[in-house]
Amino acid sequence: MSETIIGIDLGTTNSEVAVVEKGRVTVIGEGPERLVPSVVSLDDHGGILVGRPARNQLVLYPERTVRSIKRRMGESTTVAFGDHQASPQEISALILRHLKAMAEEYLGHGVGKAVITVPAYFNDAQRQATREAGEIAGLEVVRIINEPTAAALSYEVGQKGARRILVYDLGGGTFDVSVVRMEAEVVEVVASHGNNHLGGDDFDDKLVDHVVAFLQEEHGIDARSSRQAMARIARAAEEAKCRLSDQPFAVIREEYLLEKEGRPVHLSLEVARDEYEEMIASFIDETLEAVHVALRSAGLTVRDIDEVLLVGGSTRTPLVRRRLEEEFARQPRGEIDADLCVAMGAAIQGAMMGGGPVSAVLVDITPYTFGTSAVGMLDGMPSLDVYVPIIRKNSPIPVTRSEVFYTMHPGQKAVDVRIYQGERTHALENIEIGAFTVTGLDSRAPAGSPIVLRLQLDTDGLLHVAALEKHTGLERAIVVDNAISRFEEGEMAAAKDRVQALFGGEAGPAAAGGRQEQGERQHRVVQARALAEKAERMLDQASAEDREDLVNLIEEVRDALATEDAERLRKATEELADILYFLEQ
């Protein structure tokens, strides 16, 4: 009997969880509920909200809401939400724990293992931070795989014949491109490139800047002085971006956004798709440059590519599809939901590892070169910091490579070993990800005694380093499982306790259902308050008859909130929403 291992796409904007049952992949949730916004917030009582209820709070309470935490993974920092300070790993763990609970409620039993995806261009620290987030959430992360690789797996099912595929993955906060070879049920990633800080969030920012500039020019007011106004603008900009994928124009409208000299400032700005595409054209150009870098690394041209797969919600942008079609002279494939295919591929990998039917063999690669520094010539001059690559970029993983170095002095007692990640010829221009000293060398050894440096990269992209004195067998080793920040054992336990305290209990199916109900109640409360506030702002515009109805319903909503009468609140909110809808037509 196979073991259940869930697949998780931990995204910048949205996250998903999937599982393979009886050979079929299921993304857990119904319809739009399968997309869980990667947002964490605090409710009025200090409880944790995750997903849609948290995103709904962003406009009202931006100071106690965290979004796009994926862009901070691997950083040695904390973020504030409300009175709490939490590391990126802990915020991500709250999202992962919510996904874990969704899976347990769906399956009817506990889940302890997961495959989690990361951008192909995530570095060692970011991968380790993701693994730590899983551990804090109570998951054993049995494998970390690259998002484009997972997407290729989801497309591989049922396909026949040899194909060379380019996976174009443009999500909310990251961009990756991978060249993949598929043949005889083998999925082999040949080359990858990307940018961990490029995605749909940047598209939103362009629209936000456009709105802020409009308000400054039209009303002489600086919207950035109000966090709540900026949160509303950001939400409206994101919605306009999505509408512009299907419509030629979108109106960004927010009533009573700000005040100036005691008078309300309303926002109403129409944006044309052409205007928006001009704003984001440089970002698309950057992704296409990365496409050609990956193709060159694979020794291919655009004519050698058989298929282009679209992954990530931002690929719905018409400009993306148009530019790719022009570049490759073929229409990109997008029949599998771009938001879901990564989670589906992770679930397929989980099923393979759990003993389910294997439909493909996965061969992944490292997107970075790893090496060390040595004495040599650099730019025509002697240097102590020449970069010596040992594991090359785009090497299939797992991989082990060794290189021999030599002591410089007779009787040398120690050797400093520094490990770098990057592609520059000058070691110091790359990222130093680990360092250690081999001490106790043979004091009788002459200069030029060999030291063997071995680098081993495992299937999760974590680096194991060992230095061995060849004559004596003296060895010193480290695991470079985190280049920037690492949770020590005590810190990990403390992080688990903090997350446990915030959730207030175990994340079994019953608790998951309780949290879901609590989240839905909080969502209704937030929605009701927002509607009441909006109704108050519209009183001056309403007729005498409508104004009386609005006043009565505002009071009804507030009484229902005060008495915590859920059914009364539901009816009053629905009636108020109906009136506001007709008033806005």
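These numbers were taken from a predicted model, which means no experiment stands behind them.

### Description of the environment of glutamate 575
Turning to step 1, where the next piece is worked out: Position of glutamate 575 among the secondary structure elements: in helix H13 (residues 566–584).
Turning to step 2, where the next piece is worked out: Each C-alpha atom, one on glutamate 575 and one on valine 557, is 10.0 Å from the other, the two residues being 18 residues apart in sequence.

### Remarks on a nonpolar patch on the surface
Turning to step 1, where the next piece is worked out: A cluster of nonpolar side chains, contributed by Val375, Leu384 and Met408, occupies part of the molecular surface with about 320 Å² of accessible area.
Turning to step 2, where the next piece is worked out: If you trace the backbone, methionine 408 turns up in the loop between strand S22 (399–406) and strand S23 (414–421).
Turning to step 3, where the next piece is worked out: Residue classification places methionine 408 among the partly exposed residues on the basis of a relative accessible area of 49%.

### Notes on the sheet that holds strand S7 (residues 65–67)
Turning to step 1, where the next piece is worked out: In space, the three strands of this open sheet follow the order S6-S5-S7, with antiparallel pairing throughout. The outermost strands of the open sheet, each flanked by one partner alone, are strand S6 (48–50) and S7. Pairs of neighbouring strands in the sheet enclose a mean axial angle of 15°, with direction left out of account.
Turning to step 2, where the next piece is worked out: Taken together, the three bridges between strand S5 (residues 39–42) and S6 define a ladder with antiparallel strand orientation. Within the sheet, the bridge partner assigned to serine 41 lies in S6 and is leucine 49.

### Some points on the pattern of salt bridges
Turning to step 1, where the next piece is worked out: Under the counting rule described, the total for this entry stands at 22 salt bridges.
Turning to step 2, where the next piece is worked out: Put simply, arginine 424 and glutamate 429 hold a salt bridge, and the shortest N to O gap is 3.3 Å.
Turning to step 3, where the next piece is worked out: Connected via shared salt-bridge partners are Arg163, Glu307 and Arg333.

### A short note on the pairing of strand S2 (residues 14–21)
Turning to step 1, where the next piece is worked out: With six of eight residues buried, S2 lies mostly within the body of the structure.
Turning to step 2, where the next piece is worked out: The turn joining strand S1 (residues 6–9) and S2, which pair antiparallel and follow one another in sequence, is formed by four residues.
Turning to step 3, where the next piece is worked out: Examined bridge by bridge, S2 and strand S4 (residues 36–37) share two bridges and lie antiparallel to one another. Residue pairing across strands places serine 15 opposite valine 36, the latter belonging to S4.

### Some remarks on the packing of aromatic side chains
Turning to step 1, where the next piece is worked out: Taken as a whole and judged by the stated rule, the model has four aromatic pairs.
Turning to step 2, where the next piece is worked out: Where tyrosine 121 meets tyrosine 368, the ring centres are 4.8 Å apart and the plane angle is 35°; that geometry is what we call tilted. With tyrosine 121 in the loop between strand S10 (113–118) and helix H3 (124–136) and tyrosine 368 in the loop between strand S18 (361–365) and strand S19 (370–378), the pair connects residues that are 247 residues apart, well separated along the chain. Comparing tyrosine 121 with tyrosine 368, the two get one shared label, buried.
Turning to step 3, where the next piece is worked out: The ring of tyrosine 61 carries arginine 64 above its face, with NZ or CZ at 3.6 Å from the centroid.

### Some points on unusual backbone geometry
Turning to step 1, where the next piece is worked out: Even without being a glycine, tyrosine 256 presents a positive backbone phi close to 50°.
Turning to step 2, where the next piece is worked out: Phi at glutamate 261 is positive, roughly 55°, even though this residue is not glycine.
Turning to step 3, where the next piece is worked out: You can call glutamate 261 exposed: its relative accessible area is 75%.

### Some thoughts on helix H12 (residues 544–563)
Turning to step 1, where the next piece is worked out: Compared with the 28 Å implied by 1.5 Å per residue over 20 residues, the 29 Å span of H12 between its first and last C-alpha is a close match.
Turning to step 2, where the next piece is worked out: A positive phi of about 55° marks glutamate 564, the residue just after H12.

### A closer look at a negative patch on the surface
Turning to step 1, where the next piece is worked out: A surface patch of negative charge is lined by Glu270, Asp274, Glu275 and Glu278.
Turning to step 2, where the next piece is worked out: When residues of the negative patch are assigned to their parent elements, the largest contribution, three residues, is made by helix H7 (residues 273–298).
Turning to step 3, where the next piece is worked out: Within the secondary structure, glutamate 275 sits in helix H7.

### Re H7
Turning to step 1, where the next piece is worked out: Counted at 1.5 Å a residue, the expected span for H7 with its 26 residues is 38 Å, and the 35 Å between its end C-alpha atoms agrees.
Turning to step 2, where the next piece is worked out: Of all the bends in H7, the greatest measures close to 50° and is centred on isoleucine 280.
Turning to step 3, where the next piece is worked out: The positive-phi residue at the C-terminal boundary of H7 is glycine 299, with phi of around 70°.

### Thoughts on the confidence of the model for the chain
Turning to step 1, where the next piece is worked out: Mean pLDDT over the chain stands at 83; residues scoring 70 or higher make up 88%.
Turning to step 2, where the next piece is worked out: Ranking the elements of the chain by mean pLDDT puts helix H11 (residues 509–537) last with 59 and S1 first with 96.
Turning to step 3, where the next piece is worked out: Contacts of residues 481–485 to residues separated by more than four positions or lying in other chains number 18 contacts, the stretch itself having pLDDT below 50.
Turning to step 4, where the next piece is worked out: Note on residues 505–516: pLDDT under 50 across the span, and 21 contacts to partners over four residues away in sequence or across chains.

### Things to note about the packing of H7 against helix H8 (residues 318–328)
Turning to step 1, where the next piece is worked out: Where H7 meets H8, the axes come as close as 9 Å, and the angle between the chain directions of the two elements is 45°. With respect to H8, the element H7 is oriented oblique. Regarding H7 and H8, the two cross each other, and that crossing is right-handed. Contacts between H7 and H8 involve Arg273, Glu277, Ile280, Ala281, Ile284, Asp285, Leu288, Val291, His292 and Leu295 from the former and Pro318, Leu319, Val320, Arg322, Arg323, Leu324, Glu327 and Phe328 from the latter.
Turning to step 2, where the next piece is worked out: For the contact of H7 with H8, the residue count by class is 11 nonpolar, one polar and six charged.

Reading guide: rules and limits
- Residues numbered from 1 in each chain as written.
- Predicted model: local features only at pLDDT ≥ 70, side-chain atom pairs only at ≥ 80, totals over all residues.
- Heavy atoms only, no water.
- Helix = DSSP H or I, 4+ residues; strand = E, 2+ residues; numbered from the N terminus.
- Patch = residues over 30% accessible without salt bridge, like charges linked within 9 Å, V, L, I, M, F, W, Y side chains within 5 Å.
- Areas by Shrake-Rupley, 256 points an atom, 1.4 Å probe, with all protein chains shown as cover.
- Salt bridge = Lys/Arg side-chain N within 4 Å of Asp/Glu carboxyl O.
- Buried < 20%, exposed > 50% of the residue type's maximum accessible area, 1.4 Å probe, protein only.
- Pairing = 2+ DSSP bridges.
- Axes fitted to C-alpha atoms, helices over the stretch in contact; angles between N-to-C directions.
- Phe/Tyr/Trp six-rings, centres within 6.5 Å; stacked < 30°, edge-to-face > 60°.
- Lys NZ or Arg CZ within 6 Å of the ring centre and 35° of its normal.
- Expected span 1.5 Å × (residues − 1).
- Lys, Arg positive; Asp, Glu negative; His and termini not counted.
- Charge placed at Lys NZ, Arg CZ, Asp CG, Glu CD.
- Bend = angle between axes of the 7 residues up to and from the residue.
- pLDDT = per-residue confidence, 0-100.
- Contact = heavy atoms within 4.5 Å.
- Parallel < 35°, antiparallel > 145°, perpendicular 65-115°, else oblique.
- Left-handed = near helix turned anticlockwise from the far one by under 90°.
- Nonpolar A, V, L, I, M, F, W, Y, C, P; charged D, E, K, R; others polar.

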